[in-house]
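Here's the letter readout for the chains.
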Amino acid sequence: MSHARIVLWLSLTLRPTRVLCTARFFEGQSPGLPNPAAMENGTGPCGEECPREVQETTITEGAAKIAFPRANEVFYNPVQEFNRDLTCAVITEFARIQLGAKGIQIKVPGEKDTQKVVVDLSEQEEEKVELKENENLASGDQPRTAAVGEICEEGLHVLEGLAASGLRSIRFALEVPGLRSVVANDTSARAVDLIRRNVQLNDVAHLVQPSQADARMLMYQHQRVSERFDVIDLDPYGSPAPFLDAAVQAVSEGGLLCVTCTDMAVLAGNSGETCYSKYGAMALKSRACHEMALRIVLHSLDLRANCYQRFVVPLLSISADFYVRVFVRVFTGQAKVKASASKQALVFQCVGCGAYHLQRLGKASGVPGSRVKFSAACGPPVTPECEHCGQRHQLGGPMWAEPIHDLDFVGRVLEAVSANPGRFHTSERIRGVLSVITEELPDVPLYYTLDQLSSTIHCNTPSLLQLRSALLHADFRVSLSHACKNAVKTDAPASALWDIMRCWEKECPVKRERLSETSPAFRILSVEPRLQANFTIREDANPSSRQRGLKRFQANPEANWGPRPRARPGGKAADEAMEERRRLLQNKRKEPPEDAAQRAARLKTFPCKRFKEGTCQRGDQCCYSHSPPTPRVSADAVPDCPETSNQSPRGPGDAARPGID
């Protein structure tokens, strides 16, 4: 068909369509897009009713009721309910502190008595608060209160930079008292439309303000002191590194900054160079990688705040599930910023036995209360080879070396959650995790693990109580860690720890002849212990949270548990086919288990090499195939005569015989 005929045929075919579209255009109808109001009400084009379940689904979490599309256009992960519950509990206690200093009491649903709590105040501030109270009582005014769902004029100004469906912001408005406003921001137009619908659905339009903007630009626009946010919550998909610089500038003086990191593969040491590019620190592969990830995030936050004469004070740092979560307060002070270098440390970790040593970046000398002198620290604290096993050291960090929790604040959150267990769905887990945190040694960074110590010297693993008792008998402190179930956090040096393991090996001997003379196990066990360990169980070796049977380390809460895929415009619905694909991709690098019959059938597909050589004597009992390979003959092949078929195989210089492929 010629070009002219094709053009003529297309013009005749598309003419009715053009006429119809023109008519609809003049009638005010769009030919390609359905009516938005009809789509919102569940009807499609041409007046057809679309089933509501196909378009969206509704979930209830806490006091909020959220509608979001079943297609993966707006991100939502139900596993992080613990994250959101804990955030509500932390912001509630932070509001109690901030508003208590102003003489305002907060009312939390479910709490019996509302008491005003004032903490972290100087003596002058306490005197001012007492004067305010006396003035209020003298004038006969009732104490001011702040309730949930009401606007508090002197309350907290909250920003959720990456709101997605708006679930977290709506929960703040419905569950946290003492708020002035909540800004639910997202860069996706689809997400902001969904936030508006959910705000109307929960009747919190007076508190929650939807916003569509880049989170960084929005925070950069609120750098002025009068426009800063009291609370900033960042829960991105992946790394929060691009948002940290703007966040430390947009939070108010003494404000709360909540940051979540889900890029645990980077923070746990799988890609040290990527960790350095995002957080300014090298992560190491170690058993204490989860606590090291927390300390790297705190180092990155403090480093960015120092650029603007600000510094951070950690309130609570959590490693849970597949992410880490930190809650810090941000203050301004040039003198305090000078001490930041002495709060950071490098880590020297032995690649053989796993012993680690910390090297501070700076040194602060002087008597507390007087002038403090800052200088460079002296080091390194290790020799070129490990003194225990003779292996080399890896260098990691810098990381935060100071306490990662404020135990007073953690105790207040724990007390509030324990007194009102029906407030959150994950209250039991929050109690367990915070109880372990209150038992941690605050001044001991990182930890060892039971399996790490025993596998290094190839011996049986002692029980947790036995190792803890041995450390306590030797006058060392020891605790658990919320980041690892079998962690041993202690102030004992590595030499004392290996002496205890040498004493344990004498009770459970290792076959020395199987050890290589250059292995860490051989070198550690070849030294006699200078410390005689006592493994008698002590009563104080069993921590209180373990005795009470609290839920400290939760198992996987659901099938196919873990991080969810990133939300994408026009994303496909998470149907059964996608769930099946996720299940099949789990452990894809591991060979699936097979029974004896499957293995025998698989081996029968391989020819037996000994049968080809004429040396196989197993016959039919051989697990490999004895069938001769069938030659493939082409369609125009000429059948060979008997004389030709009995000839010996041709050599590499022989001409190719016709008919054989």
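Anything mentioned here points back to the structure above.
The shown structure was predicted, so the numbers you read here are calculated from the model rather than taken from an experiment. (Residues numbered from 1 in each chain as written. Predicted model: local features only at pLDDT ≥ 70, side-chain atom pairs only at ≥ 80, totals over all residues. Heavy atoms only, no water.)

### Observations regarding the sheet that holds strand β12 (residues 344-350)
This is how the line gets drawn: Here the rule is simple: two strands pair whenever DSSP picks up at least two bridges between them. Each helix is a run of H or I in the DSSP string that is no shorter than four residues. Each strand is a run of E no shorter than two, and both are numbered from the N terminus. Axis lines are fitted to C-alpha atoms, over the contacting stretch for helices. Their N-to-C directions set the angle, which ranges from 0 to 180 degrees. Residues are treated as being in contact if the distance between any of their heavy atoms lies within 4.5 Å.
Strand order in the open sheet made by the three strands is β13-β12-β16, with antiparallel pairing throughout. Only two strands of the sheet have a single partner each, and these edge strands are β13 (356-360) and β16 (393-400). Ignoring which end each strand starts from, the neighbouring axes of this sheet average 25 degrees apart. In terms of strand pairing, β12 meets β16 through six bridges, oriented antiparallel. Opposite V347, over in β16, you have G396 as the bridge partner. Across the sheet, helix α12 (residues 289-306) touches β12 and β16, and the angle it forms with β16 is around 55 degrees.

### Observations regarding the sheet that holds strand β11 (residues 323-332)
The strand order β7-β6-β5-β8-β9-β11-β10 describes an open sheet built from seven strands, whose pairing is mixed. Pairing within the sheet leaves two strands with one partner each, and these edge strands are β7 (208-212) and β10 (310-320). Mean inter-strand twist for the sheet, computed between neighbouring axes without regard to direction, equals 20 degrees. Here six bridges tie strand β5 (residues 151-160) to strand β6 (residues 179-186), and the two strands are oriented parallel to one another.

### Concerning the side chain of D263
What counts, and what does not: Exposed residues in this analysis have more than 50% of their type's maximum accessible area, buried residues have under 20%, and partly exposed residues fall in between, with area computed by a 1.4 Å probe over protein chains only. Charge counting follows a simple rule: Lys and Arg are positive, Asp and Glu are negative, and His as well as the terminal groups are ignored. Here a salt bridge means any side-chain nitrogen of Lys or Arg lying within 4 Å of a carboxyl oxygen belonging to Asp or Glu.
Tracing the backbone shows D263 in the loop between β9 (251-261) and α10 (264-267). Summary of buried charges: D263 has no salt-bridge partner, and the nearest side chain of opposite charge, K278, is 4.1 Å away. Here D263 is in contact with G238, S239, K278 and Y279, once residues within four sequence places are set aside.

### Looking at the side chain of D233
Residue placement: D233 occurs in strand β8 (residues 229-234). We classify D233 as buried; its relative accessible area is 0%. For D233, the contacting residues outside a window of four places in its chain are T87, L159, E160, G161, R168, F172, C258 and R325.

### As for the packing of helix α17 (residues 464-473) against helix α18 (residues 494-507)
Note the threshold: Here the word oblique covers every angle except those under 35 degrees (roughly parallel), over 145 (roughly antiparallel) and from 65 to 115 (roughly perpendicular). Should the near helix be turned counterclockwise from the far one by less than a right angle, the crossing is left-handed, whereas a clockwise turn marks it as right-handed. Three categories are distinguished: nonpolar for Ala, Val, Leu, Ile, Met, Phe, Trp, Tyr, Cys and Pro, charged for Asp, Glu, Lys and Arg, and polar for the others, with Gly belonging to the last.
Look at α17 against α18: their axes get within 11 Å of each other, and the N-to-C directions meet at 125 degrees. Classified by the angle between their axes, α17 and α18 sit oblique to one another. You can see that α17 and α18 cross each other, and the crossing is right-handed. On α18, the residues that touch Q466, L467, A470 and L471 of α17 are L497, I500, M501 and W504. Here the contact of α17 with α18 is built from residues that sort into seven nonpolar, one polar and no charged.

### Some words on the pattern of salt bridges
Inspection of the entire model under this criterion finds 25 salt bridges. Among the ionic pairs, E111 bridges to R96, the shortest N-O distance being 3.0 Å. In this pair, E111 is assigned in the loop between β3 (104-106) and α5 (123-138) and R96 in helix α4 (residues 81-100), connecting sequence segments 15 residues apart. Note that R171 and E175 form a salt bridge whose closest N and O atoms lie 2.8 Å from each other. Of the two residues, R171 and E175 are both situated in helix α6 (residues 167-175); the distance of four residues between them amounts to about one turn of the helix.

### Description of helix α9 (residues 241-250)
Counting buried residues in α9 gives eight out of 10 residues, a clear majority hidden from the surface. Here α9 has its buried residues at A241, F243, L244, A246, A247, V248, Q249 and A250.

### Some remarks on the packing of aromatic side chains
Operational definition: Any Phe, Tyr or Trp ring, taking Trp's six-membered ring, that has another such ring centre within 6.5 Å forms a pair; planes under 30 degrees apart are called stacked, those over 60 apart edge-to-face, and the others tilted. Comment: the charge-over-ring label is applied if NZ (Lys) or CZ (Arg) is within 6 Å of the ring centre and within 35 degrees of the ring normal.
Taken as a whole and assessed by the stated rule, the structure comprises four aromatic pairs. Measuring from ring centre to ring centre gives 5.9 Å for F311 and F331, while their planes differ by 25 degrees; the resulting arrangement is stacked. Of this pair, F311 sits in strand β10 while F331 sits in strand β11, and the two are 20 residues apart along the sequence. Taking the relative accessible area as the measure of exposure, F311 reaches 8% and is therefore buried. Judged by its relative accessible area of 23%, F331 is partly exposed. Here the basic side chain of R429 rests over the ring of F82, its NZ or CZ set 4.3 Å away from the ring centre.

### Examining the packing of α4 against helix α14 (residues 407-419)
At their nearest, the axes of α4 and α14 sit 10 Å apart, and the two run at 110 degrees to each other. Between α4 and α14, the angle falls in the class roughly perpendicular. Here α4 runs over α14; the crossing is right-handed. Taken together, the residues of α14 that come into contact with α4 (itself represented by A89, V90, E93, F94 and I97) are F409, R412, V413, A416 and V417. Residues that form the contact of α4 with α14 fall into these classes: eight nonpolar, no polar and two charged.

### Focus: the environment of S495
With respect to the helices, strands and loops of the structure, S495 is situated in helix α18. The class of S495 is partly exposed, set by a relative accessible area of 30%. Residues S495 and H388, 107 residues apart in the sequence, show an inter-C-alpha distance of 7.5 Å. The residues contacting S495, other than those within four sequence positions of it, are H388 and R502.

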